[in-house]
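Geometric and topological summary
What follows is the residue order along each chain.
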Amino acid sequence: MTAWDAITALAPDRLDALFAADPDRLQRLTLDVAGIHFDWSKTHLTAEALAAFEALAKERDLAAKREALFAGAAVNATEGRAAEHSAERGEGSPEAVARAAQLHARMRALIDAIEAEAFGPIRHVLHIGIGGSALGPQLLIDALGREEARYEVAVVSNIDGLALEEAFRRFDPSATLIVVASKTFTTTETLLNAESALAWLSEGGVADPYGRVVALTAAPERAVDWGVDDTRVLPFAESVGGRYSLWSSIGFPAALALGWDAFEAMLDGAGEMDRHFRLAALHENAPALAAFADLFYAQVELAETRAVFAYDERLRLLPPYLQQLEMESNGKGVTIEGAPIGRPTAPITWGGVGTDAQHAVFQLLHQGTHLVPVEFVAVIEPGDTLAEAHHRQLLLNAFAQGAALMQGRANPDDPARAYPGDRPSSTVLLETLDPRTLGALIAFYEARTFVNAVLLGINPFDQFGVELGKEMAKAAGQGGDFDPSTTDLIARAFG
C-alpha cells in the first residue's frame with residue numbers, strides 16, 4: 001500500500017467522538033510559534049492520519065526538498081531557477097542572503113533620502129503594480145499602517161481608470177511619489193497605469209515627472225530604458241517570485257509608510273517562522289500540520305474549497321492575499337515532471353471578515369451540503385481603543401462559530417433548524433498584530449503552500465496559467481481571430 005492509499009483509506013470518527021476518545025488531543029494538535037497559537041484539534045486529523053501524512057512526506061522526500069529550497073537550488077524546475085524569497089529575511093544560501101542584504105541597504109538609503117525631502121515634501125505615495133506586486137504591500141499597509149503610516153499610500157492595480165482616478169482625486173501631484181512595481185517591467189496594466197500617472201503629474205505642474213518615479217523590478221535595465229534614473233531603481237532577484245516578493249524591494253511602500261524598523265521586524269518574524277519550518281519535527285511543525293489538514297480535506301473528503309475568515313478588520317486583505325498565494329502556486333494539473341496529477345490539487349481559497357461573514361455566508365457553512373474546512377484568524381490584543389466589549393464580542397464570535405460548526409444541534413421535530421455539526425475548523429490566534437507576528441504569519445502560509453506542493457508533486461513557483469489570457473487580450477487589441485461569441489462582444493464594445 002502506498003502512502004496515498006493509506007491516506008485515502010482514512011475514515012475518522014466525528015469530531016466530538018475524537019475529543020471524547022483522546023484526552024491529549026488538544027495538546028497534540030496545538031502549537032505556539034513566533035507569537036502565534038495554532039489549533040487543529042477541531043479538524044479530523046488523528047494519530048493514524050498524521051502517521052500516514054508523515055509517511056507521504058518521507059516518500060516525497062520533503063526534508064530534502066525543504067533543504068533544497070533554503071539552499072537556493074533550482075526548485076522551480078520549469079523555469080530553471082531557485083525560489084529565494086526566504087533569503088530576503090536572512091534564511092537561505094550565504095550568497096543569496098548577502099545579495100538581499102545589499103539590496104535592502106540600497107532601499108533603505110532611498111527611503112532615507114525621501115525622508116530628508118530630497119524629492120521635496122512628499123506626503124502621498126501612489127504604488128502601481130498588479131498581482132504579487134500589489135497584494136503584499138497593500139496587505140502590510142492596511143494591517144499595520146492605519147494609525148502610524150507616515151505617508152498616505154494608495155495601491156492601484158486595476159487597469160480600470162476609475163481606480164487610478166480615485167487616487168488622483170485624493171492626492172496632490174506636487175507632493176506625490178509614484179512607485180512602479182513590475183518584476184519584468186513589461187506588465188501591460190502596470191505600465192499603462194504608470195503612463196497615466198506621469199501625465200497626471202505633468203498636468204499638475206510637476207516639471208520632471210520621471211524624477212518622481214521609483215521602480216521596483218527584477219529587470220532594472222528595462223526600467224532605465226522606460227525612463228527611470230538608475231538611482232531610483234530598486235532591484236530584486238529574479239529568483240524571488242512575484243507572490244513571494246513583499247520581503248524584497250516590492251515591500252518598499254510599506255517600509256516607507258511604516259518605517260524601516262517595522263519592515264525589519266517583519267523580516268525577523270518571517271525568519272523566525274522559517275527556522276521553525278526548517279528545524280521542527282513534522283508532528284510539531286506548523287506549516288506541515290496545516291498542509292496535512294489541507295490535504296486530508298481535499299483528498300479524503302474531496303472538499304473543493306477552503307474558507308479563511310479574519311476576525312480582525314486589520315486583516316481584511318488576508319483572504320485575497322491567500323487566494324493568489326495558494327491558487328496561483330498550487331492550482332496546477334500536472335506534476336513537476338509534466339505528468340497528469342490524477343487527484344485534486346489546490347482547493348479554491350475564499351473568505352471574508354468576521355462578524356460580517358456570519359450574516360452572509362455562514363448559513364451554507366452550518367447547514368449547506370458542501371463540506372468547507374474553515375480557518376479562523378484572530379488577534380488577542382485589540383486594535384481599537386473603544387470599550388472592551390467590542391473586541392470581546394469579536395473573539396467570542398470567532399470561537400463560538402468553530403464550536404458550533406463542530407458540535408451542531410439535532411432537531412428531529414424541525415429539520416430546518418437542525419445543524420449536522422462535525423464540520424471542521426482550525427484557528428490561528430495571534431497574541432498581537434505587529435510587524436513581527438504579521439511577518440511570521442505570512443511566512444507560515446508560504447511554507448504551508450510549499451509543503452502542499454511537495455506532497456502533491458507539483459511546482460508551486462511557476463504560473464503559466466495566467467499567460468494565455470494575457471496573450472489573447474493583446475491579440476484582441478490587434479484584431480485577432482476569435483470564436484463567434486468573443487468576436488461579437490468585441491464588436492459590441494468597440495464597433
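This text gives an overview of the structure that appears in the document.

Analysis parameters
Residues numbered from 1 in each chain as written. Predicted model: local features only at pLDDT ≥ 70, side-chain atom pairs only at ≥ 80, totals over all residues. Heavy atoms only, no water. Buried < 20%, exposed > 50% of the residue type's maximum accessible area, 1.4 Å probe, protein only. Helix = DSSP H or I, 4+ residues; strand = E, 2+ residues; numbered from the N terminus. Pairing = 2+ DSSP bridges. Phe/Tyr/Trp six-rings, centres within 6.5 Å; stacked < 30°, edge-to-face > 60°. Lys NZ or Arg CZ within 6 Å of the ring centre and 35° of its normal. Expected span 1.5 Å × (residues − 1).

Time to look at the pairing of strand β10 (residues 374–379). With 6 of 6 residues buried, β10 lies mostly within the body of the structure. Going residue by residue along β10, you find Val374, Phe376 and Ala378 tucked away on one face and Glu375, Val377 and Val379 tucked away on the opposite face as well. Judged from the 5 bridges that link them, strand β8 (residues 305–311) and β10 form a sheet pairing that is parallel. Looking across to β10, one finds that alanine 310 is bridged to valine 377. Bridge count between β10 and strand β11 (residues 425–430): 6 bridges; the pairing is parallel. Across the sheet, the residue bridging to valine 377 is valine 428, located in β11.

Inspection of every chain in the model, using the stated rule, returns 17 aromatic pairs. Between the aromatic rings of phenylalanine 296 and tyrosine 297, the centroid separation amounts to 5.0 Å while the plane-to-plane angle is 85°, which identifies the pairing as edge-to-face. In this structure an aromatic cluster arises from ring pairing among Phe70, Tyr244, Phe277, Phe450 and Phe461. Positioned above the aromatic ring of phenylalanine 19 is the side chain of arginine 25, whose terminal nitrogen or guanidinium carbon lies 5.5 Å from the ring centre. Sitting over the ring of tryptophan 4, arginine 343 keeps its end group 4.0 Å from the ring centre.

Taking 1.5 Å per residue as the helical rise, helix α17 (residues 435–456) with its 22 residues ought to reach 32 Å, and the 32 Å between its terminal C-alpha atoms agrees with that figure. Burial runs high along α17: 21 of the 22 residues are buried. Among the residues trailing α17, glycine 457 stands out with phi positive, at a value near 80°.

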